[in-house]
Amino acid sequence: MTTTVRKLTLEEYLAYDDGTDTRYELVDGELVEMPPESDRNNLISLYLLSQFLRFVPIRLIRHKDTELVVIGSRTRVRLPDLMILTQELVDAIAFGRATITPDMPSPAMVVEVVSPGKVNEDRDYRYKRSEYAARGIPEYWIVDPEKALITLLILVDGLYEESVFQGTDIIQSITFPLLDLTAAQILTAGQV
């Protein structure tokens, strides 16, 4: 016996409220519950937020609270761990729901901190990589505490070029060229 799951449109997703505080992403029309983050992942994303505040005003930073509409075989809505917005994008989402729609500019940068497990790895390394490239996001960081790696992706002619950092490697960001952090500093944030 098969069960047919009705696919939600973007408009239905944006109006959806199940009366709980559960956070969802929309993937090909289906709601995907986003479990709470691990403490380690939260500390890493908060540490990066604190470092980015040295270079950009807080109004340009979003932390696990702003949705990003991307296009897959159907519409998908992602909830990145950290985003750096442009002023134009801040103006576009002002006074409305914290959702970046396809008609709005792209964020300047997105950071995802990978949670353990193959499903999470596939989502951050494979699916979001192509979705964020198609969305035109200039810089995408994949911070992987389990593998002790940071993969930095820079958009060049519509595709991401990848650099991998570990240990004492200094992160080389185009968005934050003055950032002076090693992969180890980021990956061990809050563990001292």
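Residues numbered from 1 in each chain as written. Predicted model: local features only at pLDDT ≥ 70, side-chain atom pairs only at ≥ 80, totals over all residues. Heavy atoms only, no water.

A. Representation of the overall build of the protein within the structure. A tally of helices and strands in the protein yields five helices and 11 strands. Taken over the C-alpha trace, the protein has a radius of gyration of 17 Å; the compact-globule value for 192 residues is 16 Å, and the two agree within 12%. Considering only C-alpha atoms, the protein reaches an extent of 50 × 40 × 35 Å along its principal axes. Residue pairs at least 24 apart in sequence account for 53% of intrachain contacts in the protein once pairs closer than 6 positions are excluded. Summed over all atoms, the accessible surface of the protein reaches about 10000 Å², with 54% contributed by carbon and sulfur. Across the protein, the centroid of the 19 positively charged side chains sits 2 Å from that of the 30 negatively charged ones. (Helix = DSSP H or I, 4+ residues; strand = E, 2+ residues; numbered from the N terminus. Rg over C-alpha atoms; globule rule 2.2 N^0.38 Å. Contact = heavy atoms within 4.5 Å. Areas by Shrake-Rupley, 256 points an atom, 1.4 Å probe, with all protein chains shown as cover. Lys, Arg positive; Asp, Glu negative; His and termini not counted. Charge placed at Lys NZ, Arg CZ, Asp CG, Glu CD.)

B. Representation of the packing of aromatic side chains within the structure. Inspection of every chain in the model, using the stated rule, returns six aromatic pairs. Note on Tyr16 and Tyr24: the rings are 5.8 Å apart at their centroids and 85 degrees apart in plane angle, and the pair reads as edge-to-face. Each ring, one from Tyr132 and one from Tyr140, has its centre 4.9 Å from the other, and the planes form 80 degrees; the classification is edge-to-face. An identical accessibility class is assigned to Tyr132 and Tyr140; each is buried. Three or more aromatic residues link up through ring pairs in this structure, and these residues are Phe52, Phe55, Trp141 and Phe176. One cation-aromatic arrangement involves Arg76 over Tyr127; the distance from NZ or CZ to the ring centre is 6.0 Å. Directly above the aromatic system of Tyr125 lies the positively charged group of Lys147, at a separation of 4.8 Å from the ring centroid. (Phe/Tyr/Trp six-rings, centres within 6.5 Å; stacked < 30°, edge-to-face > 60°. Buried < 20%, exposed > 50% of the residue type's maximum accessible area, 1.4 Å probe, protein only. Lys NZ or Arg CZ within 6 Å of the ring centre and 35° of its normal.)

C. Seen up close, the side chain of Lys64. Residue placement: Lys64 occurs in the loop between strand S3 (61-63) and strand S4 (67-71). Residue Lys64 is classed as buried on the basis of its relative accessible area of 10%. Those residues in contact with Lys64 that lie beyond four places of it in its chain are Arg23, Glu37, Asn42, Ser45, Leu79, Pro80 and Asp81.

D. Spatial organisation of helix H4 (residues 118-134). The end-to-end C-alpha separation of H4 is 23 Å, in line with the 24 Å expected for 17 residues at 1.5 Å each. The sharpest bend along H4 reaches about 40 degrees and sits at Lys128. Those residues of H4 that fall on the buried side of the exposure criterion are Asn120, Asp122, Arg123, Asp124, Tyr125, Lys128, Glu131, Tyr132 and Ala133. Downstream of H4 by one or two residues, Gly136 has phi in the positive range, about 80 degrees. (Expected span 1.5 Å × (residues − 1). Bend = angle between axes of the 7 residues up to and from the residue.)

E. Inspection of the sheet that holds strand S9 (residues 139-144) at higher detail. A sheet is described by the order of its strands in space; here six strands give the open sequence S3-S6-S8-S9-S10-S11, paired in mixed fashion. Pairing within the sheet leaves two strands with one partner each, and these edge strands are S3 and strand S11 (159-165). The mean inter-strand angle of the sheet, taken between neighbouring strand axes irrespective of direction, is 15 degrees. Note that strand S8 (residues 109-113) and S9 share five bridges and pair parallel. Bridge pairing links Val110 to Tyr140 in S9. Sheet strands touched by helix H2 (residues 39-52): S3, strand S6 (82-84), S8 and S9. Its angle to S8, the strand with the most contacts, is close to 155 degrees. (Pairing = 2+ DSSP bridges. Axes fitted to C-alpha atoms, helices over the stretch in contact; angles between N-to-C directions.)

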